[in-house]
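# What the coordinates show
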Amino acid sequence: MTAPAAGEVFLTAEDGGRLALSVLHPLEGSGEELPVVVLAHGWGGSRRIWSPVTDRLLRHGFPVLAYDLRGHGASTAGSSGVSAEAMTADLATVVAYAGGAPVVVGHSGGGFAALSLAAAAGPDAGPAGLVLVASAAYDQDTPEKEASMMEAPLFSWALRRPALGRLLLGQMTGSALDPRLREVNRQVFAGTAPPVRGACFRSSRGMDLRAALPSVRVPAAVLTGEKDKVIRPELGRELAAALPDASFTSLPGAGHVLPLESPDAVVSAVLRVQGPAAHGPRDGEAAKRAGSR
């Protein structure tokens, strides 16, 4: 597939919001046409969180499209605000811009959107492959006390203090993460508007995509950190078992922020799913494999 031109781009969401994207091309060709990889970060993040993954994907020859979720980074929240439905619609807009049928890598809340989009898309639309990173299909009913904390002034004040902010977010990651990358995680999380953080954590209440999983007939890889304290690791295992064509990888010692903690594992997962995504025809026998979604 042909990737969009490299550069910084703003797309218009369905509700008039602005979605900020970076389109990156590898400096050297890989000798084969590889699919575009779309990167959807998690709540409270930004496309910056993908930097270690992006660098590795480019070296493998993949074009990369990383975007900021609505209300995050340089993207606006739009007239409908932050909701699961709006974030899924935004991802559909980004996938269409990518040229159709990219490999979509979704971390945490970005994974919820990727899974929702794949379940709703028709057999000739949506992602051609999925990498679901520290994500789940259900059981994400964040208590109001925790959602309110995400937008509380005192919590936001603490996040802006480097040492205190890293301490507060310490349970998000495994113990082996480089301190400099812990600081990246803090800066990104602290840079997200408090109301957006709160709205994100409320947006997944009642989410249950399990009934749709058998219809997601694209190659998939599910990654979970063994020490993830944000999304229970067993939810990743259940997700992989319910998808028709998925592998599961548990990463020892890793926590929730796998784009920073385990970028090599994320890229390995892309390599596993990209073959069928790039070369499998979307008609004939592949139509049977794609099914009716």
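Residues numbered from 1 in each chain as written. Predicted model: local features only at pLDDT ≥ 70, side-chain atom pairs only at ≥ 80, totals over all residues. Heavy atoms only, no water.

A few words on the pairing of strand β1 (residues 7-12). Where β1 lies against strand β2 (residues 18-24), six bridges are found, and the strand directions are antiparallel. Note that in β2 the partner of Glu8 across the bridge is Ser22. Connecting β1 to the next strand, β2, in antiparallel fashion are five residues, including Gly16 with a positive phi near 90 degrees. (Pairing = 2+ DSSP bridges. Helix = DSSP H or I, 4+ residues; strand = E, 2+ residues; numbered from the N terminus.)

Attention now moves to the pairing of strand β6 (residues 129-133). Successive side chains on a regular strand alternate, one facing one side of the sheet and the next facing the other. Most of β6 sits inside the fold, with five of its five residues counted as buried. Along β6, one buried face is formed by Gly129, Val131 and Val133 and the opposite face, lined by Leu130 and Leu132, is buried too. Direction of pairing for strand β5 (residues 103-107) relative to β6: parallel, over a ladder of five bridges. Along β6, the bridge assignment pairs Val103 with Gly129. (Buried < 20%, exposed > 50% of the residue type's maximum accessible area, 1.4 Å probe, protein only.)

With that out of the way, let us pick up the sheet that holds strand β7 (residues 220-225). The strand order across the open sheet formed by eight strands is β1-β2-β4-β3-β5-β6-β7-β8, and the pairing between neighbours is mixed. Each edge of the open sheet carries a strand with a single partner, namely β1 and β8 (246-251). Each strand of the sheet is rotated relative to its neighbour by a mean of 20 degrees, with strand direction disregarded. Bridge count for β6 against β7 is four bridges, and the pairing is parallel. Residue pairing across strands places Val133 opposite Leu223, the latter belonging to β7. (Axes fitted to C-alpha atoms, helices over the stretch in contact; angles between N-to-C directions.)

Function cannot be inferred from these measures alone, as they are strictly geometric.
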